[in-house]
Structures are given as C-alpha cells and as structure tokens.
Amino acid sequence: MSLLESTNRPQDLRRLSRTELETLARQIRTFLVTNVSRTGGHLGPNLGVVELTIALHRVFDSPTDPIVFDTGHQSYVHKLLTGRRDQFSGLRQADGLSGYPARDESEHDWVENSHASAALSWAYGMARAKQLRHEDGIVVAVVGDGSLTGGMAWEAMNNIAVADDLRLVVVVNDNGRSYTPTVGGIADQLSSLRTDRRYEQVLDVVKRSLSATPIVGGPLYDVLHGVKSGLKDVLSPQGLFGDLGVKYLGPVDGHDVLAVERAMLQAKSFDGPVIVHCITRKGMGFPAAEEHEEDNFHAVGKIDAITGEPLSPSSDRSWTGIFGNQLVRLASDRPELVAISAAMIHPTGLAPFQAAFPSRTFDVGIAEQHAITMAAGMAAQGLHPVVALYSTFLNRGFDQLLMDVGLHHAGVTFAFDRAGVTGPDGPSHHGMWDCSLLAMVPGLELAAPRDERRLEEALARAVDVQDRPTALRYGKYSVPEDLPAVSSVDGVDVMRRDSTTDPVLIVAYGPGVQIGLAVAEQLSHQGIAATVVDPVWALPHNPALVELARGRQLVATIEDGLIEGGLGSGVAQLCADAGVSAPVRNFGVPKDFWAHGSRDEVLAACGLTPEAVARSITEALLALDPAAVPAAEVPSQTR
Ligand SMILES: Cc1ncc(C[n+]2csc(CCOP(=O)(O)OP(=O)(O)O)c2C)c(N)n1
Ligand SMILES: CC(=O)[C@@H](O)[C@H](O)COP(=O)(O)O
Ligand SMILES: [Mg+2]
C-alpha cells in the first residue's frame, strides 16, 4: 500500500518522517497528473501546493483550525489528505467531487465561492467569531499572489493588521502567477521579498559554515532550516506586510515540507495574525505544466499525462476567439480603442489584441472593480475602453458599472464571456446574473448574439457608441453556423414564422435562439404554429416586440440566464404595460445555486431544453384553451 493510500485523514501525516513526506509528495503529484489529466481541472495550481498543503495539515488541526482557500481551485491536495482520494474520478462532474471546497463533502471544507480575493475576509470573520465566543482554534487562510491583487484582500488586511487579539495565519502561496505572471506593485513587492539579497548572502555564509561539519541528517537539517526561517525574522523587510505591522515569516521554500512546517509552527506560536510567505512553482513536478508559458496549466481539459497535449482537440472557432479577432480588426482604425482585463488576458481572448497593440492593453490584476472604474476614467478622457470579463465576475464590479460607467454615460464596452450556464466550475461560475444586473443600468445597451456574424456586427456597433455603456454576452458553448433571419421587424430578427397569426410567439436570446427554433419545430409536429424572433440587442427592449406579441395566445421567452429580473421578465413587463393580453412564460435559469456538471446536464436540470420548453408551452396552451392543441398529437407526458 502506498503512503497516499494509507493517508486518509490529516492525523495520518503526523507520524511520517521527512523521507516519507517527500515520498508522499511524489505520490500525490503522480496521482494529480494521472487523474486530472483524465478529468480536466486546475492541475497547475494544485501541483504547486503539494508540500504546502501537507505541512498545513501536519501543523494545524483542521477543522478546529479552519483552513480557508482563496478561490479554492487549489484545494485538490487538501481533498486528497481529507479522505476523498477515491472520488477524484468524478472530479467536476455531476454528482461528483467539486473542483472547489464543498461543505457537503467534508467538515474540512469552508468556502465554496470561487471568486478570488475573499479568503482573508472569510478568515477574519471566522477568527473574530472564535475570539468573541472564546473558542479554540487558529484560522488559516491560503491566498495566492494573484488573489492578493484583488481589493477585497486589502480591505481585510487593513483590519487584520490591527487585530492583535486574533489567532489568524495567512499563508501566501506565491508562485508569481495568476494565469500569466501577476502584475502590479504588490507582485513587485512579493518579488523583492523573494529575492532579498541580504537574506541569500547571509544564508550562504550559514550554509558554508554548517557544511564544514558532516551532515548528520535530521538535527543539522533542522538547524539549517531553523536558521533559515529564523533569519527571515531578523531580516524581515519592512515591505508589503511589515509596513502594515503584520508579523511576517518568509520567504520559505514552499516545496520543502519541513521548512514550511517550521515556519507554520513558528506562526502558530505567535499571538496575533502572522503572514507565512511561501515561494512555490505553479505546475511543479510536471514539465509540460512548468514549461507551459501561457498559464502553467492553470486549468486543463483532458490531456496526455506525459506530454500534456490536449486529448480533445479544442474547436478552432470559439466565441472568445471571434470576439478577440474582431476587436483587433476594429482597433486598427480606432486609435481610441483600448482593452482591459482582470488578470485574464488569454481566457477572455485579448491575447491577439495585446500582441497587436501592447500599449493599449491593460491587465490590472484580479481587480474587476478597479478595471471598470478605470475604464470610466479612460472614457472621460476620450478613449473607448473594452473591458473583457467573465460574466460571473461582473458581480464583483456591478456598482462600478452602474455608478461610474452608467451614471456618467460613459462610452465603455463590456465583453462578457462565459455568460450563461458554464458547468464544471459550479455555482459561483455560471454566468447567470449579468442580464438581471445589466437590466438595472439606465441607458445600457446589451447584445446577446446568436452566431458569429451577429457578434461581429454587435461589437462593431458597440465600439462606436460613446455616450452610454454597451455590452455583449456569449458563453462557453459551441459557435453555431450562421443563423440568418427570414425577415426583420424594426430591428427584431424573425427567425421562423409559420404565419402572421401563429398562436405562439417565441422571443429568444443568444443560444436560446437555437432552442427556440427546435421548440417551434416540435410544436409544429403537434399542429401548433410558432413564430421565433431574436431581438439581438436585448436591452433596452425593442418596442417592436409589443406588436409582435399582440394577438398571440401565448408568448414564450428563452434566455441562458437568470429568469428573475432577466430579459424575459422585461418582455413580460413591456407587454403588460402595453396591454398585450397574451400570457408570457419565461424560460431560463431558475433562481438557485446550480451545482457543477456538464453544461447540458445543468441546462436540463434548469428545464432549458427544447423538449421541456415545448412541453411547457403545450401544457400552457391546453390550460388556456384545450381546443388550441389538436388533441391527437399532444405528447403523453402532458396528460
Ligand atoms: C473575482 C475573480 N476574478 C477572476 C477569477 C479567475 N481566476 C481564477 S484563478 C485566477 C488566478 C489566481 O491566481 P493566484 O491567486 O495567484 O492563484 P494560483 O492559481 O497562482 O494558485 C483567476 C484570475 C476569479 N476566480 N475570481
Ligand atoms: C477558477 C477560475 O475562476 C477559473 O480558472 C475558471 O476555472 C476558468 O474557467 P474556464 O475553463 O471557463 O476558463
Ligand atoms: Mg499565483
């Protein structure tokens, strides 16, 4: 039985020798590469925290000492060491292991939110609660260098710095990268701590003097490490953390279990909050990951476990790529066009723009709030910023969009990628809230393109709007062949019309158009005629929808987004205000936190499939007027 197989709870770690720990680390790395290459997931980040996580669970007594992971994508090793080794074959799959901490999986898991920079606030709150309730336990937060570029982290640090009565250890997992190298002054400060020459010179002297005596194994090794981590105390620089008055230990070699352990033991002995600065390498131990310049295998699909080559060839057409290439074309004769990313240049498709216009591309770190308000500032001075974010991360910057961009009628364009149901990244990653949020922004114009051509046309229009915010949304699903309209009514594309008196009108957005067309086809087999329209520009609602809805027996709306407050509910309001008598049924993502699974599985769970929508429409029509549906063909499920 391997050491990994005999490690089923943190306590099992504490009897291991240094050699056994190093063997265990190797076995964990082999396990991660073997399994995550089969399922996909955050391989690089987890390869970088093997020793760090082993040391964490040797020194701290989880769950009495809660361990909180920032973003949580680097918690696979934690899951391995807390009894979930046998569940990794189902990683990020429906009813399988979550790719993030999950409280229903283990008492050792606390934070399920995958939005970065929140761990320190979680930890502060938990530690304060323990202090007020006179409970034992030290709260430990593991936060990456990238997550430290998020503003929330410093809101928490501001409080942590003066909370001498709290038992709180912040482990900085500093691999120097987010996806690409982490940017900004914080990254520079961390880097200067990593490469403090005084520390390295003194350490060399110590090493040389100690090497004069024969290495006697454990004790001498400990002495060296004791000196090493002790040295840092002596030299602890007045940088990033020192100036705030927070105790700092490090930098520690994050791949040396005993060095990390010693620093954590030291941290544990202190009163008040302590920073332990660990230097790690993303993708450590897997050459394909270590050498992967773009992102060190931050998040991979199914790959070859030796070469790292993707096993499922990614489609050469993606919404992300279409957006990125069109933006380059538009920027070539629009010098005012600039692009902004929150540490996700490649994932949001801005790499071609950065290559073509490096001085007009801005990676601000994981700082969506700053990114959006900075864009308002740029627009106020005559630029036209394009802010590229994942839809779910708009949540983080909504006030900035509403009050800094919207209130000031700023000509800023937002490209919301991963809009709609995403799938494997679970509830905090579905891009399901953007339409409901954007519907609240006065003047904002939102396009939900159904195909490549509509995306390119929408972006071309958006970047020329200078007096209000514009936005586009598209997701992590395949790009259909172009879907031409059969006609147009005042800007609303008519995708299918059986006759002008069709009893059903389907108003569909983005990927909902393909669903709507499939629904209409199914309804036609039951003798129910449906017209399908796509407004393309979803906000503000096109008043032509009112006349299109008037006289119908039923109006159905279909969107890949939250039903409550979404596009469809706006259409219902529009029709009600105009006195349209037809009832409006909204189909979308019901208000809930939808667990991870494939996109299709989650959509099915939401009832957002052609079959489910067609059945609902048939039932609604039957309820309204049994004669409306030729009885002979109603699907059995509706009886
Ligand atoms: C608010 C927010 N913006 C963007 C992301 C996307 N994202 C996931 S992990 C990551 C990089 C995290 O870097 P770091 O904290 O250094 O962790 P590492 O992956 O290096 O371990 C980013 C940008 C996110 N999860 N949350
Ligand atoms: C953890 C995180 O926020 C991202 O790394 C996310 O997992 C990436 O998702 P995509 O695979 O859709 O780019
Ligand atoms: Mg990092």
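An unreviewed UniProt entry lists the protein under the name 1-deoxy-D-xylulose-5-phosphate synthase, with Parenemella sanctibonifatiensis given as the organism. As its UniProt record puts it under Catalytic activity (unreviewed entry), the protein is described as follows: "D-glyceraldehyde 3-phosphate + pyruvate + H(+) = 1-deoxy-D-xylulose 5-phosphate + CO2".

Peer 1: Break down the UniProt feature "binding site: Mg(2+)" (unreviewed entry) in the protein for me, citing the residues and quoting the values.
Peer 2: Listed under "binding site: Mg(2+)" (unreviewed entry) in the UniProt record, and renumbered for this structure, are Asp145 and Asn175. A compact arrangement is adopted by the annotated residues: their sequence extent is 31 residues, whereas the largest C-alpha distance between any two is 6.8 Å. Considering the arrangement of structural elements, one finds aspartate 145 in the loop between β2 (139-144) and α6 (151-160). Setting aside residues no more than four positions away along its own chain, aspartate 145 makes contact with Asn173, Asp174, Asn175, Gly176, Arg177, Ser178, Thr182 and Leu190. Mapping asparagine 175 onto the fold places it in the loop between β3 (168-174) and α7 (185-194). Residue asparagine 175 is classed as buried on the basis of its relative accessible area of 17%. For asparagine 175, the residues in contact, after removing those within four places along its chain, are Asp145, Thr280, Arg281 and Lys282.

Peer 1: Go over the nonpolar core, please, and point to the residues and values.
Peer 2: Ranked by size, the top nonpolar core spans 84 residues in total, and within it Ile506 and Ile617 carry the most contacts. With 7 residues, the top contributor of residues to this core is helix α14 (residues 368-380). Taken together, domain 2 (319-473) and domain 3 (487-623) each give at least three residues to this core, which thus spans both. In this view, isoleucine 506 contacts Gly516, Val519, Ala520, Ala530, Thr531, Val532, Val533, Ala556, Ile558 and Ile617; residues no more than four positions away in its chain are not counted. Leu24, Val36, Leu52 and Phe60 belong to the second largest nonpolar core, which has 54 residues in total.

Peer 1: Run through the site of ligand 2, naming residues and quoting values.
Peer 2: Near ligand 2 the following residues occur: His42, Tyr100, Tyr179, His298, Tyr390, Phe393, Arg418, Asp425, His429 and Lys476. Tyrosine 100 has a polar side-chain atom sitting 3.4 Å from an oxygen atom of ligand 2. A distance of 2.8 Å is found between an oxygen atom of ligand 2 and a side-chain nitrogen or oxygen belonging to histidine 298. Relative to its unbound accessible area of 360 Å², ligand 2 is 89% covered by the protein chains. In terms of residue class, the shell around ligand 2 is made up of 4 nonpolar, 3 polar and 3 charged. Mapping the shell around ligand 2 onto the domain boundaries places at least three of its residues in each of domain 1 (3-206 + 238-291) and domain 2 (319-473).

Peer 1: Now, about the packing of helix α12 (residues 319-331) against helix α17 (residues 452-462): what can you tell me, with residues and values included?
Peer 2: Viewed as axis vectors pointing N to C, α12 and α17 meet at an angle of 40°, and their least axial separation amounts to 10 Å. By the criterion of interaxial angle, the relationship of α12 to α17 is oblique. Considering only the axes of α12 and α17, their crossing is right-handed. Between α12 and α17, the contacting residues are Trp319, Ile322, Phe323, Gln326, Leu327, Arg329 and Leu330 on the first element and Glu452, Leu455, Glu456, Leu459 and Ala460 on the second. Among the residues forming the contact of α12 with α17, the class breakdown is 8 nonpolar, 1 polar and 3 charged.

Peer 1: For the side chain of arginine 360, give the residues involved together with the corresponding values.
Peer 2: For arginine 360, the position within the fold is in the loop between α13 (351-356) and β7 (361-363). Not counting chain neighbours up to four residues away, the residues in contact with arginine 360 comprise Ala331, Arg334, Pro335, Leu337, Val338, Ala339 and Phe353.

Peer 1: How would you summarise the sheet that holds strand β1 (residues 67-69) if you had to cite specific residues and measurements?
Peer 2: Spatially, the 5 strands line up as an open sheet ordered β1-β2-β3-β5-β4, and their pairing is parallel. For this open sheet the edge positions go to β1 and β4 (247-253), each flanked by a neighbour on one side alone. On average, adjacent strands in this sheet sit at an angle of 20° to one another, irrespective of strand direction. With 6 bridges joining them, β2 and β3 adopt parallel strand pairing. Along β3, the bridge assignment pairs valine 140 with valine 169. Along the sheet, helix α10 (residues 257-269) contacts β3, β4 and β5 (274-279); its crossing angle with β4, the most-contacted strand, is approximately 170°.

Peer 1: Which residues make up the coordination of the magnesium ion (ligand 3), and what values go with them?
Peer 2: Every protein donor of the magnesium ion (ligand 3) is accounted for by Asp145 (OD), Asn175 (OD1) and Arg177 (O), and the metal-donor separations fall at 2.0 to 2.2 Å. Each donor residue of the magnesium ion (ligand 3) lies on one chain, and together they are spaced D-x29-N-x1-R.

Peer 1: Please give an account of the sheet that holds strand β14 (residues 504-508) that cites residues and values.
Peer 2: Across the sheet, which stays open at both edges, the 6 strands sit in the order β12-β13-β15-β14-β17-β18 with mixed pairing between neighbours. The open sheet has two free edges, formed respectively by β12 (487-489) and β18 (584-589), since each of these has just one partner strand. The mean angle between the axes of side-by-side strands here comes to 30°, regardless of whether they run parallel or antiparallel. Note that strand β13 (residues 492-496) and strand β15 (residues 530-534) share 3 bridges and pair antiparallel. Bridged to arginine 496 within β15 is valine 532.

Peer 1: How would you sum up the pattern of salt bridges? Please name residues and give values.
Peer 2: Charged atoms that come close allow side chains of opposite charge to pair. Summed over the entire model, instances satisfying the criterion amount to 32 salt bridges. The salt bridge involving aspartate 12 is made with arginine 9; its shortest N-O contact spans 3.1 Å. By relative accessible area, arginine 9 is classed as partly exposed at 45%. With a shortest N-O distance of 3.0 Å, aspartate 493 and arginine 450 are connected by a salt bridge. In this pair, aspartate 493 is assigned in strand β13 and arginine 450 in the loop between β10 (445-447) and α17, connecting sequence segments 43 residues apart. Residues aspartate 493 and arginine 450 agree in their burial class; the two are buried. Among the charged side chains, a salt-bridge network with shared partners connects Arg450, Asp451, Arg454, Asp493 and Asp534.

Peer 1: Outline the site of ligand 1, listing residues and values.
Peer 2: Taken together, 22 residues are adjacent to ligand 1, and His73, Ser114, Gly146, Ser147 and Glu368 come closest. A distance of 2.8 Å separates a nitrogen atom of ligand 1 from a polar atom in the backbone of serine 114. Residue arginine 177 places a main-chain N or O atom 2.9 Å away from an oxygen atom belonging to ligand 1. Coverage of ligand 1 by the protein amounts to 98% of the 580 Å² it exposes when considered alone. Residue composition of the shell around ligand 1, by class: 6 nonpolar, 11 polar and 5 charged.

Rules of the game
Residues numbered from 1 in each chain as written. Chains lettered and ligands numbered in written order. Predicted model: local features only at pLDDT ≥ 70, side-chain atom pairs only at ≥ 80, totals over all residues. Heavy atoms only, no water. UniProt positions renumbered as here; feature names shortened; annotations may be inferred. Helix = DSSP H or I, 4+ residues; strand = E, 2+ residues; numbered from the N terminus. Contact = heavy atoms within 4.5 Å. Buried < 20%, exposed > 50% of the residue type's maximum accessible area, 1.4 Å probe, protein only. Core = buried A, V, L, I, M, F, W, Y, C linked by side-chain atoms within 4.5 Å. Domains from an automatic or database assignment. Near = heavy atom within 4 Å. Polar contact = N/O pair within 3.5 Å; in protein donor to acceptor, adjacent residues only side chain to side chain. Areas by Shrake-Rupley, 256 points an atom, 1.4 Å probe, with all protein chains shown as cover. Nonpolar A, V, L, I, M, F, W, Y, C, P; charged D, E, K, R; others polar. Axes fitted to C-alpha atoms, helices over the stretch in contact; angles between N-to-C directions. Parallel < 35°, antiparallel > 145°, perpendicular 65-115°, else oblique. Left-handed = near helix turned anticlockwise from the far one by under 90°. Pairing = 2+ DSSP bridges. Donors = N, O, S within 2.8 Å, 3.2 Å for Na, K, Ca; no water. Salt bridge = Lys/Arg side-chain N within 4 Å of Asp/Glu carboxyl O.

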